[in-house]
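# Fold and geometry: a report
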Amino acid sequence: MKFAIALFSPPHAPSSRRALRFAEAVLAGGHEINRLFFYRDGVYNAADSIVTPQDESDLPAQWRAFVERHALDAVVCVAAALRRGVLDSREAQRYGRVAVVPTPPWELSGLGQLHEAAQSADRLVCFGGD
Amino acid sequence: MTKSMLIVSRHAPWGGLSAREALDIALAGGAFELPVGLLFLDDGVFQLLPGQRPAAVEQKDLAANLQALPLFGVEDLYVCRQSLRLRGLDGQPLALSATPLEGPELADLFDRYDLVITL
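Since the model is a prediction, treat every value here as computed from it, not as a measurement.

Across its full length, chain B holds four helices and five strands. Listing every helix and strand of chain B by position from the N terminus yields β-α-β-α-β-α-β-α-β. Its C-alpha radius of gyration of 14 Å places chain B within 12% of the 14 Å reference for a compact globule of 119 residues. Taken along the three principal axes of its C-alpha coordinates, chain B extends 45 × 30 × 20 Å. A total of 119 residues make up chain B; the buried ones form 46% of that total. The contacts in chain B between residues at least 6 apart in sequence include a share of 76% that link residues at least 24 apart. Summed over its atoms, the accessible surface of chain B is roughly 5,800 Å², and 52% of this surface lies on carbon and sulfur atoms. For chain B, the centre of its 9 positive side-chain charges and the centre of its 15 negative side-chain charges are spaced 4 Å apart.

This is the structure in structure tokens:
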């Protein structure tokens, strides 16, 4: 089965951890993830500038490793990201900002990517909506 | 086959980005000519009150975005009647024409849509 997974909560939220464990289980079960889509505070999960204390779970690093290992389509909503200071190099240049996060394989794109993924997946599963 | 999506907006307009970001999903779906519905539930019903003055809390008005919904082809708008009643808003004029639903009608609504996103 093909899953689109949307995440709306920040890295320290339990729902973000559950989303990652769910995504891992989807692939481990022989299913497919057609896209990860990070929206609202979920965009912080793609912010590789986040420094997590050594004895705590580093979810942004875990997401990155997961996305890279499985070469997933991983999209961060650009409008939500700009509002929260999550700017890739193109957006940082456009707005004259110094900070650059995220870097590939994360891709900043629009909400159309959420709709497109939801249309082409068998299931859309959302985490962190409130 | 095109899937329909119901967006459930549960938060008051000025306490954070919830209302705006839920609305943005609906508008994006409309822009792609997808069958999108929007349900105002719980504190989300406060978004429908007319005559708000968001400038007083240095916020940009949501009304223009709400009024844009039909222009984007998002015409299936619903509001939870019980949420209105619990907040003393039942029978009040609303800024947007939304179909009031409650109880089993809400369950039917969720059943009718292929996808549901709650924000």
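It is worth spelling out the packing of aromatic side chains at this point. Residue and element names in this part refer to chain A. Counted according to the given criterion, the structure contains seven aromatic pairs over all chains. Ring geometry for Phe3 against Phe22: centres 5.7 Å apart, planes inclined by 80 degrees, an arrangement best described as edge-to-face. Pair noted here: Phe3 is in strand E1 (residues 2-7) and Phe22 is in helix H1 (residues 14-28), with a separation of 19 residues, a long-range link. Among the residues examined, Phe3 registers a relative accessible area of 11% and is labelled buried. Taken together, the ring pairs in this structure connect Phe38, Trp63, Phe66 and Trp106 into an aromatic cluster.

Now for helix H2 (residues 59-69) of chain A. Residue and element names in this part refer to chain A. Of the positions making up H2, those classed as buried are Leu59, Pro60, Trp63, Arg64, Phe66 and Val67. On an axial view of H2, the arc spanned by its buried residues comes to 165 degrees, and they lie on one face. Looking at the buried side of H2, the elements it contacts are E1, H1, strand E2 (32-38) and strand E3 (74-77). For H2, the capping residue at the N-terminal end is Asp58, with a side-chain oxygen 3.3 Å from the backbone nitrogen of Ala61. Of the residues flanking the end of H2, it is Ala71, one or two places downstream, whose phi is positive at about 45 degrees.

A few words now on the nonpolar core. Counting residues in each nonpolar core, the largest one holds 70 residues, and the members touching the most others are Leu36, Tyr39, Trp63 and Leu124 of chain A together with Ile25 and Leu69 of chain B. Per-element accounting of this core gives the leading share, seven residues, to helix H1 (residues 18-31) of chain B. Once residues lying within four places of it in the same chain are set aside, the contact partners of Tyr39 of chain A are Leu7, Phe8, Cys77, Ala80 and Leu111 of chain A together with Glu21, Asp24, Ile25 and Leu119 of chain B. Ranked by size, the runner-up nonpolar core spans ten residues in total, among them Tyr78, Leu101, Leu106 and Tyr113 of chain B.

In this section: the packing of H1 of chain A against H2 of chain A. Helix-helix packing is described using two parameters, namely the angle between the two axes and the distance between the axes. Residues and elements named next belong to chain A. The geometry of H1 relative to H2 is characterised by a closest axis approach of 11 Å and an angle of 20 degrees between their N-to-C directions. When the axis of H1 is compared with that of H2, the two are roughly parallel. Considering only the axes of H1 and H2, their crossing is left-handed. Contact residues: Ser16, Arg17, Ala19, Leu20, Arg21, Ala23, Glu24 and Leu27 in H1; Leu59, Gln62, Trp63 and Phe66 in H2. Partitioned by chemical class, the residues of the contact of H1 with H2 number seven nonpolar, two polar and three charged.

This next bit is on the sheet that holds strand E3 (residues 76-80) of chain B. Residue and element names in this part refer to chain B. Sheet architecture is open: five strands sit in the order E4-E3-E2-E1-E5, paired in parallel fashion. Edge positions in the sheet fall to strand E4 (99-101) and strand E5 (115-118), since each has one partner strand and no second. Averaged over all pairs of adjacent strands, the angle between their axes in this sheet comes to 25 degrees, without regard to strand direction. Bridge count for strand E1 (residues 5-9) against E5 is four bridges, and the pairing is parallel. Of the residues in E5, the one forming a bridge with Ile7 is Ile117. Running over the sheet, helix H4 (residues 104-112) touches E1, strand E2 (36-40), E3, E4 and E5 and is turned about 115 degrees from E4.

Let us now look at the packing of H1 of chain B against helix H2 (residues 63-71) of chain B. Residues and elements named next belong to chain B. One can describe the packing of H1 onto H2 by two numbers: an axis separation of 10 Å at closest approach and a directional angle of 20 degrees. With respect to H2, the element H1 is oriented roughly parallel. H2 is crossed by H1, and the crossing has left-handed handedness. Contact residues: Arg20, Leu23, Ala26 and Leu27 in H1; Asn65, Leu66, Ala68 and Leu69 in H2. For the contact of H1 with H2, the residue count by class is six nonpolar, one polar and one charged.

About the thresholds
- Residues numbered from 1 in each chain as written.
- Chains lettered and ligands numbered in written order.
- Predicted model: local features only at pLDDT ≥ 70, side-chain atom pairs only at ≥ 80, totals over all residues.
- Heavy atoms only, no water.
- Helix = DSSP H or I, 4+ residues; strand = E, 2+ residues; numbered from the N terminus.
- Rg over C-alpha atoms; globule rule 2.2 N^0.38 Å.
- Buried < 20%, exposed > 50% of the residue type's maximum accessible area, 1.4 Å probe, protein only.
- Contact = heavy atoms within 4.5 Å.
- Areas by Shrake-Rupley, 256 points an atom, 1.4 Å probe, with all protein chains shown as cover.
- Lys, Arg positive; Asp, Glu negative; His and termini not counted.
- Charge placed at Lys NZ, Arg CZ, Asp CG, Glu CD.
- Phe/Tyr/Trp six-rings, centres within 6.5 Å; stacked < 30°, edge-to-face > 60°.
- Arc of directions from axis to C-beta.
- Polar contact = N/O pair within 3.5 Å; in protein donor to acceptor, adjacent residues only side chain to side chain.
- Core = buried A, V, L, I, M, F, W, Y, C linked by side-chain atoms within 4.5 Å.
- Axes fitted to C-alpha atoms, helices over the stretch in contact; angles between N-to-C directions.
- Parallel < 35°, antiparallel > 145°, perpendicular 65-115°, else oblique.
- Left-handed = near helix turned anticlockwise from the far one by under 90°.
- Nonpolar A, V, L, I, M, F, W, Y, C, P; charged D, E, K, R; others polar.
- Pairing = 2+ DSSP bridges.

Keep in mind these numbers describe shape, not what the thing actually does.
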